[in-house]
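What follows is each chain in one-letter form.
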Amino acid sequence: MSGVATVYRWELRKLRAQKRTYLGLAAAVAAPLIFVTALALQSGSPNDVPFGRYVRESGLAVPLVLLTFGSIWLFPLIASLVAGDIVASEDHNGTLKTILTRSLDRGQIFAGKALAAITYAFAALLTMGVVAVVAGSIASGFDPLTTLSGDTVRPGRGLVLIGGSLLVYFMPLLAIACIGLLLSTVTRNSAGAVVGTLMIALILQLLGILPGLDSIRPYLLPTQFDAWQGLVRTPIDWHPIGRAAWVCSLYGLPCLFAAYLVFLRRDVAGG
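Rules used in this analysis
- Residues numbered from 1 in each chain as written.
- Predicted model: local features only at pLDDT ≥ 70, side-chain atom pairs only at ≥ 80, totals over all residues.
- Heavy atoms only, no water.
- Helix = DSSP H or I, 4+ residues; strand = E, 2+ residues; numbered from the N terminus.
- Rg over C-alpha atoms; globule rule 2.2 N^0.38 Å.
- Buried < 20%, exposed > 50% of the residue type's maximum accessible area, 1.4 Å probe, protein only.
- Contact = heavy atoms within 4.5 Å.
- Areas by Shrake-Rupley, 256 points an atom, 1.4 Å probe, with all protein chains shown as cover.
- Lys, Arg positive; Asp, Glu negative; His and termini not counted.
- Charge placed at Lys NZ, Arg CZ, Asp CG, Glu CD.
- Patch = residues over 30% accessible without salt bridge, like charges linked within 9 Å, V, L, I, M, F, W, Y side chains within 5 Å.
- Salt bridge = Lys/Arg side-chain N within 4 Å of Asp/Glu carboxyl O.
- Axes fitted to C-alpha atoms, helices over the stretch in contact; angles between N-to-C directions.
- Parallel < 35°, antiparallel > 145°, perpendicular 65-115°, else oblique.
- Left-handed = near helix turned anticlockwise from the far one by under 90°.
- Nonpolar A, V, L, I, M, F, W, Y, C, P; charged D, E, K, R; others polar.

Draft legend 1. Molecular detail of the overall build of the protein chain. Broken down by element type, the protein chain carries 10 helices and 2 strands. The helix and strand sequence of the protein chain, counted from the amino end, reads α-α-α-α-α-α-α-β-β-α-α-α. Computed over its C-alpha atoms, the radius of gyration of the protein chain comes to 20 Å, within 12% of the 18 Å expected for a compact globule of 271 residues. The buried share of the protein chain, taken over its 271 residues, is 50%. Sequence-distant contacts, at least 24 apart, represent 76% of the contacts inside the protein chain between residues at least 6 apart. For the protein chain, the accessible area works out to roughly 12500 Å², and carbon and sulfur atoms hold 66% of it. With 20 positive and 13 negative side-chain charges, the protein chain shows a spacing of 8 Å between the two charge centroids.

See below:
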């Protein structure tokens, strides 16, 4: 475990030195600020999305609205920025040979890289949530939140629900990060892995809106981005949350394991 921790800290230091790291975090900060600014400049509300009708009644509704908007391309892109680059960039820079010939086990190196990519995706999601709560509360007030069942909860309880929603939302985001990690390991091309991960996410979204595919829609990865809505009902609807857990596992775990095997068998002499 000490070897994994060493690689993990090392990868986090490398992420702090890369511009693309701050691009993703900047997008996570900018999205709620732009949304709140647009609300201030307009009189309407996004009533067609969950919690959209409540964004002017409570700032706590803002992060929940952004979860719906962010699932289309924002968070898949943010997750893929690092996951799709974290191995491929070493190939591009010619540093992977050096890393793989060090005393650390390859499995430890892979685990450290995977944990760093996952941490980044979660940090971006958490950043969006915090900024959205603060900006939304300034604009609309830190007031009680109306749930999807029509019940009103106190702000403290609302914060707990937002935190839980972020954790549920992170499950499909984690699966996307695993897909990006696989493409990064296999393609050895950062741009190709990032774009490929985003395209897979978009294609799965397209499948979800095509007519005649209703039977597979509940099992598509993008559908799991809506599972958090079960948490903000009274009583809590655990069915979509439980389904998201195993569906996301079916997408993410095989990709993670495949990436691990490819990384273990990487030919150092051949690059």
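Draft legend 2. Summary view of a nonpolar patch on the surface. Together, Phe 69, Ile 72, Trp 73, Val 195, Met 199, Leu 202 and Ile 203 make up an exposed nonpolar region whose accessible area comes to about 630 Å². Position of Ile 203 among the secondary structure elements: in helix 9 (residues 190-209). For Ile 203, a relative accessible area of 46% gives the class partly exposed.

Draft legend 3. Representation of the packing of helix 7 (residues 106-140) against helix 10 (residues 238-264). Between helix 7 and helix 10, the least distance of the axes is 9 Å, while the angle of their chain directions is 135°. Between helix 7 and helix 10, the crossing angle belongs to the class labelled oblique. For helix 7 against helix 10, the interelement crossing comes out right-handed. Across the interface between the two elements, Arg 106, Gly 107, Ile 109, Phe 110 and Ala 114 of helix 7 pack against Leu 256, Ala 259, Tyr 260, Phe 263 and Leu 264 of helix 10. For the contact of helix 7 with helix 10, the per-class residue count stands at 8 nonpolar, 1 polar and 1 charged.

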